[in-house]
Amino acid sequence: METGHDILFFWVARMIMMGMHLTGEIPFHTVYLHGLIRDKEGRKMSKTLGNVIDPLTVIEEYGTDALRFTLATGTTPGPDLNLSLE
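Residues numbered from 1 in each chain as written. Predicted model: local features only at pLDDT ≥ 70, side-chain atom pairs only at ≥ 80, totals over all residues. Heavy atoms only, no water.

**Re the packing of helix 2 (residues 55-62) against helix 3 (residues 64-74)**
It is at 7 Å that the axes of helix 2 and helix 3 come closest, and there the two elements cross at 120 degrees. Taken as axis vectors, helix 2 and helix 3 run oblique relative to one another. Residues P55, V58, I59 and Y62 of helix 2 form the contact with helix 3, whose own contacting residues are T64, A66 and L67. Its residues placed into classes, the contact of helix 2 with helix 3 shows six nonpolar, one polar and no charged. (Axes fitted to C-alpha atoms, helices over the stretch in contact; angles between N-to-C directions. Helix = DSSP H or I, 4+ residues; strand = E, 2+ residues; numbered from the N terminus. Parallel < 35°, antiparallel > 145°, perpendicular 65-115°, else oblique. Contact = heavy atoms within 4.5 Å. Nonpolar A, V, L, I, M, F, W, Y, C, P; charged D, E, K, R; others polar.)

Shown next as C-alpha cells:
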C-alpha cells in the first residue's frame, strides 16, 4: 500500500484491523509513505481551505513536463513539498 503519512493511523491501521477481523489475514504487509503537497505557508492543500492548485491550469501555463518534473523531483519519499505558482 502507498499513502501519505497524515492518514497512517486513521485509515491504514483501521484497514489492517478490519481486514484481520473479517478475513483473519493481514490485507497488506508493506506500507510506503510519501510526503504531502502543501501550500506556500506549509498548510496541507485542501478544497475546503481553497488553497489547491488546479493541475490543468499549471499544464496550460507551464506544460505537462514541467509539472511532472516538479512533482517527481520535489517529492522524494518522506518530506513534504511546499508548492506555489508565485
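Structure shown, so let's carry the discussion forward.
**As for the pattern of salt bridges**
Under the counting rule described, the total for this entry stands at six salt bridges. For the salt bridge of R43 with E41, the shortest nitrogen-to-oxygen distance reads 3.3 Å. Judged by relative accessible area, E41 falls into the exposed class, the value being 52%. For the salt bridge of R68 with D65, the shortest nitrogen-to-oxygen distance reads 3.7 Å. A residue pair is termed a helical-turn pair when its members lie 3 or 4 positions apart in one helix, as R68 and D65 do in helix 3 at three residues. Accessibility classification places R68 together with D65 in one group, the exposed group. One network of salt bridges, in which partners are shared, links D39, E41 and R43. (Salt bridge = Lys/Arg side-chain N within 4 Å of Asp/Glu carboxyl O. Buried < 20%, exposed > 50% of the residue type's maximum accessible area, 1.4 Å probe, protein only.)

**Some points on the environment of T70**
Along the polypeptide, T70 turns up in helix 3. As for T70 and L56, which are separated by 14 residues in sequence, their C-alpha atoms are 15 Å apart. The contact partners of T70, leaving out residues within four places of it in the chain, are L81 and L83.

**Observations concerning the side chain of R38**
Relative to the helices and strands, R38 resides in strand 3 (residues 37-38). At a separation of 3.1 Å, a polar atom in the side chain of R38 contacts the main-chain carbonyl oxygen of G42. Here D80 takes part through its side chain, which lies 2.7 Å from a polar atom of the side chain of R38. Ignoring anything within four residues of it in the chain, the contact list for R38 reads R43, K44, M45, D80, L81, N82 and L83. (Polar contact = N/O pair within 3.5 Å; in protein donor to acceptor, adjacent residues only side chain to side chain.)

**Quick word on the packing of aromatic side chains**
Tallied over the full model, the rule gives one aromatic pair. Ring centres of F9 and F10 lie 5.8 Å apart, and the angle between their planes is 75 degrees; on these two criteria the pair is classed as edge-to-face. The burial state of F9 is the same as that of F10; both residues are exposed. (Phe/Tyr/Trp six-rings, centres within 6.5 Å; stacked < 30°, edge-to-face > 60°.)

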